[in-house]
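Residue-level listing of the chains:
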Amino acid sequence: MGTALVYHEDMTATRLLWDDPECEIECPERLTAALDGLRQRGLQQRCLCLSACEASEEELGLVHSPEYVALVQRTQTLDKEELQALSKQFDAVYFHPSTFHCARLAVGAALQLVDAVLTGAVHNGLALVRPPGHHSQKAAANGFCVFNNVAIAAKHAKQKYGLQRILIVDWDIHHGQGIQYIFDDDPSVLYFSWHRYEHGRFWPFLQESDSCAVGQGQGQGFTVNLPWNQVGMGNADYLAAFLHVLLPLAFEFDPELVLVSAGFDSAIGDPEGQMQATPECFAHLIQLLQVLAGGRICAVLEGGYHLESLSQSVCMMVQTLLGDPTPPLLGLMVPCQRFEDWRVGRGAEAAVRVTMLLPPIVPWSPSRVSRQPRPLTGQASNKVSMTWTWAGGSSLGFFVVNVTVTRLDVAPVLSPSTHLPEGRSLSLLAESSTCEVAEDTPSPLPGGLWLHPTPPVCTAVALAVPDAALALPPRVLHQEGSALREETEAWARPHKSLVKDEKGLAALGKILCLLGRILDGQVRSGIAATAACATAATLDVVIRRCLSHGAQRLLCVALGQLDRPLDLADDGRILWLNIRGKEAAVGSMFHISTPLPQTTGGFLSCILGLVLPLAYGFQPDMVLMALGPAYGLQNAQAALLAAVLRGPAGGRILALVEEESVLQLAKTLAQVLHGEAPPSLGPFLMASPEEIQALTCLKAQLEPRWKLLQVAAPPPGPCSPVA
Ligand code: X5A
Ligand code: ZN
């Protein structure tokens, strides 16, 4: 069993007993809608369902004062008038006679989830809870929150399991100031929150929600706030924030556990958030987090007040936690016009702003921060004194961080189901008919949004080596079949070396058969071995086969010495990205070479800062990942790359590997394509100046076409006060 779902229906008991327009959105139907969605899509049935138990007083005491706990306990016996009077003492809170019971169940659910994940009973999970927690404080309820479920879960993980590095990702649209306060001076908990801010004009109206708040004392640099200064942020903005802000820090932090304050008021349709991100976006966000901490993720529900949007978003997240491929992200993949006030400083001192701009393009300039001290990369066991490094690999000095974002183009985002860039068709590839799919009519959101059922992962492997040697995961299929001899020969004809080589033809026959099954939707992803030295020719055949099938966008990530086939038209249907040797070259906006990174920092910068922005911006129908001669990646790196390349094309990815290198690599790739977390990259090594230079130069040339790349740094400036 991979994914836990922790719930108790008693948590639907608490509800607002009087008139209060601010609080009425926090209703019991939030839980039932989410659960119904999971059930209807057959997702609940695939989870390990745990019934929540109340947290103990001792557990509540990990965060809350005994007096406060006693106060909440006394609400059980208050009458309506007394409850209302007490509620008024807090900001945006209501009490109900069942509040104490529900809030203890909510904490208990989060703790059970942490236990299930940290004991290895499951890989990950969701605690579906009410009341939410991230606003609640040591001695205060706040913003519908009574006990701080996620903060208590983090304390519990530290105390009971001795964890030293926990990442909390708070994607709720409100600032989880409660969590921030609790871990303000604690370097073992990295707290990341994005939130609607509007220069301080949005609830909870706090200066400390701004990007200037970076933590205190030992905890400096371990609070990262990304305030959105306008509404209307969409998939591209959230994705850019993950790729350019959160993930570079998260990889360097190297968490042992990821807790997600999973509020879905950041999704489209929500009355609080007023944002535009579609439910599919949360599948991608959680998938990106799954490459951290060996996939140990505990998501705990926070906000989310549009019942349909909430339910669909929860389904998307759980489906991805279960290992299913993510549906493609639709719509224009252009982030907002600027990330302004990206503040990186040494505590309160030097601040560096990074700005993400649409035209005019201001490329990221490492020289602006070159006076910052060299980073002291943290040792594996104790990262307290570490320095964050930027995705581009340059150190931004001590302590990150913060980002304020203004969306300048608030033109409404077109409905993703009707707007397809350049009129491309989405249904090139049929959904599998052999995989079990929960029979369910997709349900539209008001904006015409659809949730497509996704079949379980089906990964197939076509290898020349004996199957038994691989010990593949259970749901990975072995590709036995082969294309017809004549067909194989016909495809191979342009490549003399392939036609002459009997073993090469046999391998190609298997690959063509596997590719055919991916193209017609019977198989989602695959790994295939090419004959020795035949990867380039095979890749050429595979590309032509995909184009003849009608593929409109094909992403080729070619590692090692593989040249782009010469006679391939540069018409925008193929995005060719070669990672090799020392070369950095832009042949065209669709023909790019980047040097093979030598460090973990350089590798991550390349993947997060270049490959993924290009891949998500391109919106491919299918991804080809080819490991050619001298590909030079460690297995863990190749696995991470394959894991994240599942994202952009609905999980349709074919990995080609050379026969000799196959065994361990193929097994590792099969695991990640199948939905498992990639192995650790090992100790973090800073990107070298050459690596940064090459990426910077490439990005500057590519930014006009590929907007998700854009990150830039204006001169440092002071933190502005709340308006
Ligand atoms: C958990 C959560 C929001 C409170 C909003 C008060 N709280 N206006 O989303
Ligand atoms: Zn919220």
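Everything numeric here is computed off the predicted structure, so don't read it as measured data.

Participant: How would you explain the overall build of the chain if you had to name every residue and give the values?
Facilitator: When helices and strands are counted, the chain shows 18 helices and 22 strands. Buried residues in the chain amount to 66% of all 723 residues. Taking the intrachain contacts of the chain between residues at least 6 apart in sequence as the baseline, contacts between residues at least 24 apart amount to 77%. When the accessible surface of the chain is split by element, carbon and sulfur atoms take 54% of a total near 24,300 Å².

Participant: Outline the packing of aromatic side chains, supporting the account with residue identities and numerical values.
Facilitator: Per the stated rule, a full pass over the model turns up 18 aromatic pairs. Note on W194 and Y238: the rings are 4.2 Å apart at their centroids and 25° apart in plane angle, and the pair reads as stacked. Taken together, the positions of W194 in strand 5 (residues 189-196) and Y238 in helix 8 (residues 235-253) put the pair 44 residues apart, joining distant regions of the chain. On the accessibility criterion, W194 (0% relative accessible area) is buried. Given the relative accessible area of 0%, Y238 is considered buried.

Participant: A description of the pattern of salt bridges should follow, citing residues and the corresponding values.
Facilitator: Applying the stated criterion across every chain, the model contains 16 salt bridges. Here D254 ties to R165 by a salt bridge, and the two come within 3.7 Å at their closest N and O atoms. Note that D254 is positioned in the loop between helix 8 and strand 7 (257-262) and R165 in the loop between helix 6 (149-161) and strand 4 (166-170), a separation of 89 residues in sequence. When the shortest N-O distance is used, the salt bridge between R485 and E502 registers 2.7 Å. Pair noted here: R485 is in helix 11 (residues 485-492) and E502 is in helix 13 (residues 502-519), with a separation of 17 residues, a long-range link. Of the residues examined, R485 reaches a relative accessible area of 39% and is grouped as partly exposed. Residue class for E502 comes out partly exposed when judged on its relative accessible area of 49%. Taken together, the shared-partner salt bridges in this structure form one network comprising E26, R30 and R130.

Participant: How would you sum up the site of ligand 1? Please name residues and give values.
Facilitator: Taken together, 14 residues sit near ligand 1, with E22, G143, H174, D265 and Y305 positioned nearest. For ligand 1, a nitrogen atom lies 3.0 Å from a polar atom in the backbone of G143. Between ligand 1 and Y305, the relevant distance is 2.5 Å, taken from an oxygen atom to a side-chain nitrogen or oxygen of the residue. Isolated, ligand 1 exposes 310 Å² of accessible area, and the fraction of that covered by the protein chains is 98%.

Participant: Outline the side chain of R104, listing residues and values.
Facilitator: Tracing the backbone shows R104 in helix 5 (residues 99-118). Since its relative accessible area comes to 14%, R104 is described here as buried. Those residues in contact with R104 that sit more than four places away from it in its chain are C53, E54, A55, S56, L60 and F147.

Participant: Summarise the pairing of strand 7; cite the residues concerned and give the values.
Facilitator: For a regular strand, side-chain orientation follows a simple rule: the groups alternate between the two sheet faces. In terms of burial, strand 7 is a largely internal element, six of the six residues being buried. Residues L257, L259 and S261 point to one face of strand 7 and V258, V260 and A262 to the other, with burial holding for every one of them. Where strand 4 lies against strand 7, five bridges are found, and the strand directions are parallel. Bridge pairing in strand 7 places V169 opposite V260. What joins strand 7 to strand 8 (residues 297-301) is helix 9 (residues 279-289), and the crossover it makes is right-handed.

Participant: So what's going on with the coordination of the zinc ion (ligand 2)? Which residues, and what values?
Facilitator: Within the protein, the atoms that donate to the zinc ion (ligand 2) are D172 (OD), D172 (OD), H174 (ND1) and D265 (OD), at distances of 2.0 to 2.6 Å. Expressed as a motif, the donor residue spacing for the zinc ion (ligand 2) is D-x1-H-x90-D. Of this pair, D172 sits in the loop between strand 4 and helix 7 (177-182) while D265 sits in the loop between strand 7 and helix 9, and the two are 93 residues apart along the sequence. D172 gets classed as buried once you look at its relative accessible area, which sits at 1%. Of the residues examined, D265 reaches a relative accessible area of 0% and is grouped as buried.

Participant: Please set out helix 4 (residues 80-87) residue by residue, giving values where relevant.
Facilitator: Taken residue by residue, helix 4 has L83, L86 and S87 as its buried positions. Down the axis of helix 4, the buried set is contained in an arc of 100°. They therefore lie on one face. Those residues of helix 4 that are buried are in contact with helix 3 (66-74). If you check the start of helix 4, you find a side-chain oxygen 3.2 Å away from the backbone N of E81, and it comes from D79.

Participant: Could you give me a rundown of the sheet that holds strand 15 (residues 476-478), with the residues and numbers involved?
Facilitator: Within a beta sheet, neighbouring strands are joined by backbone hydrogen bonds and run either parallel or antiparallel to one another. In space, the nine strands of this open sheet follow the order 15-14-16-22-21-17-18-20-19, with mixed pairing throughout. Both outer strands of the open sheet, strand 15 and strand 19 (585-588), are each paired with one neighbouring strand and no more. Across this sheet, the average inter-strand angle for adjacent strands is 15°, counted without regard to direction. Relative to strand 16 (residues 525-530), strand 14 (residues 459-462) runs parallel, the two being bridged by four bridges. The partner of A460 across the bridge, within strand 16, is G526. Here helix 15 (residues 600-618) sits on the sheet and contacts strand 17 (554-559), strand 18 (574-579) and strand 20 (591-594); the angle it forms with strand 18, its principal contact strand, is near 170°. Contacting strand 17, strand 21 (622-627) and strand 22 (653-658), helix 16 (residues 635-645) runs over the sheet at an angle of about 170° to strand 21.

Participant: Explain the environment of Q312 residue by residue, including any values.
Facilitator: With respect to the secondary-structure elements, Q312 resides in helix 10 (residues 307-321). A polar contact is formed between the side chain of Q312 and the side chain of E308, at a distance of 2.8 Å.

Calculation rules
- Throughout, residues of each chain are indexed from 1 in the direction in which the sequence is written.
- By the order in which they are written, chains take letters starting at A while ligands take numbers starting at 1.
- Restriction of local features to residues with pLDDT of at least 70 applies here, the model being predicted, together with a cutoff of 80 or more for giving and counting side-chain atom pairs; totals for whole chains, interfaces and linings are based on all residues.
- Derived side-chain values reflect all non-hydrogen atoms in the structure, with water molecules and hydrogen atoms excluded from consideration.
- Segments assigned H or I by DSSP are reported as helices when at least four residues long, segments assigned E as strands when at least two residues long, and all are numbered from the N terminus.
- Throughout this description, buried means an accessible area under 20% of the type-specific maximum (1.4 Å probe, protein chains only), exposed means over 50%, and partly exposed covers the range between.
- By definition, residues are in contact when any of their heavy atoms lie within 4.5 Å.
- Note on areas: Shrake-Rupley, 1.4 Å probe, and residue coverage restricted to the protein chains presented here.
- Two aromatic rings, drawn from Phe, Tyr or Trp (for Trp, its six-membered ring), form a pair once their centres lie within 6.5 Å of each other, and the interplanar angle then sorts them: stacked below 30 degrees, edge-to-face above 60, tilted otherwise.
- Salt-bridge detection follows one rule: a side-chain nitrogen of Lys or Arg within 4 Å of a carboxyl oxygen of Asp or Glu.
- In these notes, residues near a molecule or strand are those with any non-hydrogen atom within 4 Å of it.
- Here a polar contact is recorded for every N or O atom pair within 3.5 Å, except that within protein the pair must consist of a potential hydrogen donor and a potential acceptor, and residues adjacent in sequence are included only if both atoms are side-chain atoms.
- For two strands to be treated as a pair, DSSP must find no fewer than two bridges joining them.
- If you view a crossover with the strands going away from you and the path from the first strand over the helix to the second runs clockwise, you call it right-handed.
- Keep in mind that water is not among the atoms, so a site may look incomplete; donors are the N, O and S atoms within 2.8 Å of the metal, or 3.2 Å for Na, K and Ca.
- Here, the arc refers to the directions that run from the helix axis to the C-beta atoms.
- Each axis is a line fitted through C-alpha atoms, and for a helix only the stretch in contact is used; angles between axes span 0 to 180 degrees, taken between their N-to-C directions.

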